Amino acid sequence: MPIPADVTGDEIDKDVRQELMSLPKTLAEDVARNLVMVAKLIDEDPEQAYAYSRIALRLASRVAAVREAAGFAAYATQKYAEALAEFRAARRMTGSVELWPVMADCERGLGRPERAMAMAGEPEVQKLDKAGQVEMRLVAAGARRDMGQLDAAIVTLQSPELASNSIQPWTARLRYAYADALLEAGREDEAREWFAKALEADKDGSTDASDRLAEMDGVEFVDAAMEDEDEDTDADDDAEELDAEDGDQR
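So, a few notes on the structure that sits alongside this text. What you are looking at is a predicted structure, and each value in this text was computed from that prediction instead of being measured.

1. Things to note about helix 3 (residues 46-59)
Since one α-helical turn is 3.6 residues long, residues separated by three or four positions face the same way.
Argument step 1. Taking 1.5 Å of rise per residue, 14 residues should cover 20 Å, and helix 3 covers 20 Å from first to last C-alpha, within 8% of that figure.
Argument step 2. Those residues of helix 3 hidden inside the fold are in contact with helix 2 (25-41), helix 4 (64-76) and helix 5 (80-94).

2. Brief notes about the nonpolar core
Argument step 1. Counting 47 residues, the largest nonpolar core has Leu-20, Val-31, Leu-35 and Val-66 as the members making the most contacts within it.
Argument step 2. Secondary structure elements with two or more residues in this core: helix 1 (14-20), helix 2, helix 3, helix 4, helix 5, helix 6 (100-109), helix 7 (113-120) and helix 8 (130-146).
Argument step 3. Ranked by residues supplied to this core, first place goes to helix 2 with 8 residues.

3. Overview of the packing of aromatic side chains
Argument step 1. In total, this model carries 4 aromatic pairs according to the counting rule given.
Argument step 2. A ring pair is formed by Tyr-75 and Tyr-80, whose centres lie 5.9 Å apart and whose planes are at 75°; its orientation type is edge-to-face.
Argument step 3. A ring pair is formed by Tyr-178 and Trp-194, whose centres lie 5.1 Å apart and whose planes are at 90°; its orientation type is edge-to-face. Of this pair, Tyr-178 sits in helix 11 (residues 171-184) while Trp-194 sits in helix 12 (residues 188-201), and the two are 16 residues apart along the sequence.
Argument step 4. With a relative accessible area of 13%, Trp-194 lands in the buried category.
Argument step 5. Of note, Lys-79 hangs over the ring of Tyr-50, and the distance from its end group to the ring centre comes to 4.3 Å.
Argument step 6. Cation over ring: Lys-197 sits above Trp-194, and NZ or CZ is 4.1 Å from the ring centre.

4. Here we look at the packing of helix 2 against helix 3
Argument step 1. Here helix 2 crosses helix 3 at 160°, and the two axes come no closer than 8 Å. Viewed along their axes, helix 2 and helix 3 adopt a mutual orientation that is roughly antiparallel. Helix 2 and helix 3 meet at a crossing whose hand is left-handed. Only Pro-46, Gln-48, Ala-49, Tyr-52, Ser-53, Ile-55, Ala-56 and Leu-59 of helix 3 make contact with helix 2, whose side of the interface consists of Leu-27, Asp-30, Val-31, Asn-34, Leu-35, Met-37, Val-38 and Leu-41.

5. Notes on the pattern of salt bridges
Argument step 1. Enumeration according to the criterion identifies 19 salt bridges in this entry.
Argument step 2. A salt bridge links Arg-112 to Glu-107; the shortest N-O distance between them is 2.7 Å.
Argument step 3. Its relative accessible area of 23% is what places Arg-112 among the partly exposed residues.
Argument step 4. Take Glu-107: its relative accessible area is 3%, and that puts it in the buried class.

6. Brief notes about the layout of surface pockets
Argument step 1. In this structure, the largest pocket occupies an estimated 1,000 Å³ of space.
Argument step 2. Taken together, 32 residues make up the lining of the largest pocket; nearest its centre are Tyr-75, Glu-135, Leu-138, Val-139 and Arg-173.
Argument step 3. Elements that contribute at least two residues to the lining of the largest pocket include exactly helix 4, helix 6, helix 8 and helix 11.
Argument step 4. With 8 residues, helix 8 is the largest single contributor of residues to the lining of the largest pocket.

7. Describing the environment of Pro-101
Argument step 1. Mapped onto the fold, Pro-101 is located in helix 6.
Argument step 2. Considered as a pair, Pro-101 and Leu-138 are 37 residues apart in the sequence and their alpha carbons are 8.8 Å apart.
Argument step 3. Excluding its chain neighbours within four sequence positions, the residues that come into contact with Pro-101 are Leu-128, Gly-132, Glu-135, Met-136 and Val-139.

Procedures and definitions
- Residues numbered from 1 in each chain as written.
- Predicted model: local features only at pLDDT ≥ 70, side-chain atom pairs only at ≥ 80, totals over all residues.
- Heavy atoms only, no water.
- Helix = DSSP H or I, 4+ residues; strand = E, 2+ residues; numbered from the N terminus.
- Expected span 1.5 Å × (residues − 1).
- Contact = heavy atoms within 4.5 Å.
- Core = buried A, V, L, I, M, F, W, Y, C linked by side-chain atoms within 4.5 Å.
- Buried < 20%, exposed > 50% of the residue type's maximum accessible area, 1.4 Å probe, protein only.
- Phe/Tyr/Trp six-rings, centres within 6.5 Å; stacked < 30°, edge-to-face > 60°.
- Lys NZ or Arg CZ within 6 Å of the ring centre and 35° of its normal.
- Axes fitted to C-alpha atoms, helices over the stretch in contact; angles between N-to-C directions.
- Parallel < 35°, antiparallel > 145°, perpendicular 65-115°, else oblique.
- Left-handed = near helix turned anticlockwise from the far one by under 90°.
- Salt bridge = Lys/Arg side-chain N within 4 Å of Asp/Glu carboxyl O.
- 1 Å grid on protein atoms, 1.4 Å probe; cavity = no way out; pocket = protein on both sides within 12 Å on 5 of 7 lines; lining within 4 Å.
- Points joined across faces, edges and corners; volume = space filled by probe spheres on them.

If you want it as structure tokens, here you go:
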């Protein structure tokens, strides 16, 4: 697959670059450039990112960073079994617990929420940093909802991190998940309050809290493109009517 000439591979994280130093120089550069493309495309075009990750994997399957990138690309395209296999491989190579929450979420994606719940109770969770522990809590709450245990999901999300006024990278998503669970439970006033709190913390637009709030307030969004299309259709109809009238007069 073609890679833009301005992508050199130097853009990758220094830790990943260090891992690639075990490869011959030209090969390392090729792998690095493919990994850069994965990172650039994974949000806007996950299928393309996945394709680049497969190339990197073919070139350097024994590099943990490559297995991890392939895992995230597979995860982004909902290929959960494949993602889980890559994450497990990366974990075996590094011994790190960092991928534990996303591995548990893959179990959810595979329709096995009970396995995700079991993982939430494993000792690995205690080894996660704060962000990882919050992520695990989000996955566990999602698993509870998958299993129809809505009240338990709400309780799972009630934590010091949720109660804190401090804004952290995970705050918006945690508040949003809590609001969403409350809304499903029919607790609309509380849900509205927490969607508002999620919006307050959401500096980079990682949630659609503003849309959910507007929806709860009865605001309807009109698609501008559809509106233009309707206007064009009305104009065409008017023109046809005028033509018909002219024809009748003649």
